[in-house]
Amino acid sequence: MFKNIVVASDGSEGSRKALKLAAGLQVTCKSELLILTVFRHHSLLEASMSMVRPDDPEILDDVMRDHAKQVAEEAKEMAVADGAQKVRAFVKGGQPARTIVKFAEDHHADLIVLGSRGIGDREGFLLGSVSHKVTSLADCPVLVV
Ligand SMILES: Nc1ncnc2c1ncn2[C@@H]1O[C@H](COP(=O)(O)OP(=O)(O)OP(=O)(O)O)[C@@H](O)[C@H]1O
Ligand SMILES: [Mg+2]
């Protein structure tokens, strides 16, 4: 039924639940499973941490990209351990929700799977800002786990 499933992974407990479900769907539907982890560019980080002004902001990007790669690769290993095949892991820089939606469009995704909450997981909100925005912006169905 689903040919291309995008699962958004930030390494959180919520995204692990989403990944498990997406891996199960991959097996059932024999889909392509595309894991995406988005890191924020230093310009986005600086906007939220105005005290931070590293001499070479590129270094921050490298650290964020490396961490994102690790998160995406770990997610891929988990999906494969759950029996999923045709799994690929991707890393992109940018604003998480918009980047997830654009990536899904570019890869002709017919389903996006993501956790209801992520690493932010503060009390008082049922949905995180990324899951909220992706459900609003995406053209394809979105499964919030
Ligand atoms: N940077 C990211 N890269 C990939 N997927 C992400 C990213 N951030 C969030 N997600 C996905 O969105 C889901 C919900 O996370 P979200 O960020 O909306 O919640 P939160 O971290 O609890 O809240 P907030 O970020 O608004 O403080 C995660 O479980 C994950 O599937
Ligand atoms: Mg978050």
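The structure presented is a predicted model; accordingly, all values stated were derived computationally and were not measured.

Examining the site of ligand 1
Around ligand 1 lies a shell of 24 residues, among which A8, G120, D121, S129 and V130 are the nearest. Between G120 and ligand 1, the recorded distance is 2.7 Å, taken from a backbone N or O atom to an oxygen atom. Here an oxygen atom of ligand 1 sits 2.6 Å away from a polar atom, N or O, in the side chain of S129. Relative to its unbound accessible surface of 610 Å², ligand 1 loses 89% to contact with the protein. Of all the elements in the fold, those that place two or more residues in the shell around ligand 1 are α1 (13-29), β2 (32-39), α4 (96-106) and α5 (129-137).

Digging into the layout of surface pockets
The volume enclosed by the largest pocket comes to roughly 830 Å³. For the largest pocket, the lining is made up of 32 residues, of which D10, P96, I119, G120 and V130 are closest to its centre. Every element with two or more residues in the lining of the largest pocket is listed here: β2, α3 (57-81), α4 and α5. In terms of residue class, the lining of the largest pocket is built from 14 nonpolar, twelve polar and six charged.

Observations regarding the sheet that holds strand β1 (residues 4-8)
Strand order across the open sheet formed by five strands is β3-β2-β1-β4-β5, with parallel pairing between neighbours. The open sheet terminates on both sides in strands that have one partner only, identified here as β3 (87-93) and β5 (142-144). In this sheet, adjacent strand axes meet at a mean angle of 25 degrees when their direction is disregarded. By the bridge criterion, three bridges tie strand β4 (residues 111-114) to β5 in an arrangement that is parallel.

Section: the pairing of β2
Within β2, seven of the eight residues are buried, which leaves the element mostly enclosed by the surrounding structure. In this fold, the crossover linking β1 to β2 by way of α1 has right-handed handedness. Two strands pair when backbone bridges link them, and β2 and β3 are joined in this way by seven bridges, in the parallel orientation. By the bridge assignment, F39 is partnered in β3 with G93.

Concerning the pattern of salt bridges
According to the stated counting rule, one finds five salt bridges in the structure shown. Where R16 meets E13, a salt bridge forms, and the shortest distance between an N and an O atom there is 3.3 Å. Here the residue R16 and the residue E13 both occupy positions in helix α1, the gap between them amounting to three residues, near one helical turn. You can call E13 partly exposed: its relative accessible area is 48%. D62 serves as the salt-bridge partner of R65, at 3.2 Å between the closest nitrogen and oxygen. Note that R65 and D62 are positioned in helix α3 at a spacing of three residues, about one turn of the helix. A relative accessible area of 30% means that R65 is categorised as partly exposed.

What counts and how
- Residues numbered from 1 in each chain as written.
- Chains lettered and ligands numbered in written order.
- Predicted model: local features only at pLDDT ≥ 70, side-chain atom pairs only at ≥ 80, totals over all residues.
- Heavy atoms only, no water.
- Near = heavy atom within 4 Å.
- Polar contact = N/O pair within 3.5 Å; in protein donor to acceptor, adjacent residues only side chain to side chain.
- Areas by Shrake-Rupley, 256 points an atom, 1.4 Å probe, with all protein chains shown as cover.
- Helix = DSSP H or I, 4+ residues; strand = E, 2+ residues; numbered from the N terminus.
- 1 Å grid on protein atoms, 1.4 Å probe; cavity = no way out; pocket = protein on both sides within 12 Å on 5 of 7 lines; lining within 4 Å.
- Points joined across faces, edges and corners; volume = space filled by probe spheres on them.
- Nonpolar A, V, L, I, M, F, W, Y, C, P; charged D, E, K, R; others polar.
- Pairing = 2+ DSSP bridges.
- Axes fitted to C-alpha atoms, helices over the stretch in contact; angles between N-to-C directions.
- Buried < 20%, exposed > 50% of the residue type's maximum accessible area, 1.4 Å probe, protein only.
- Right-handed = clockwise from strand over helix to strand, strands pointing away.
- Salt bridge = Lys/Arg side-chain N within 4 Å of Asp/Glu carboxyl O.

Read these as geometric descriptors, not functional statements.
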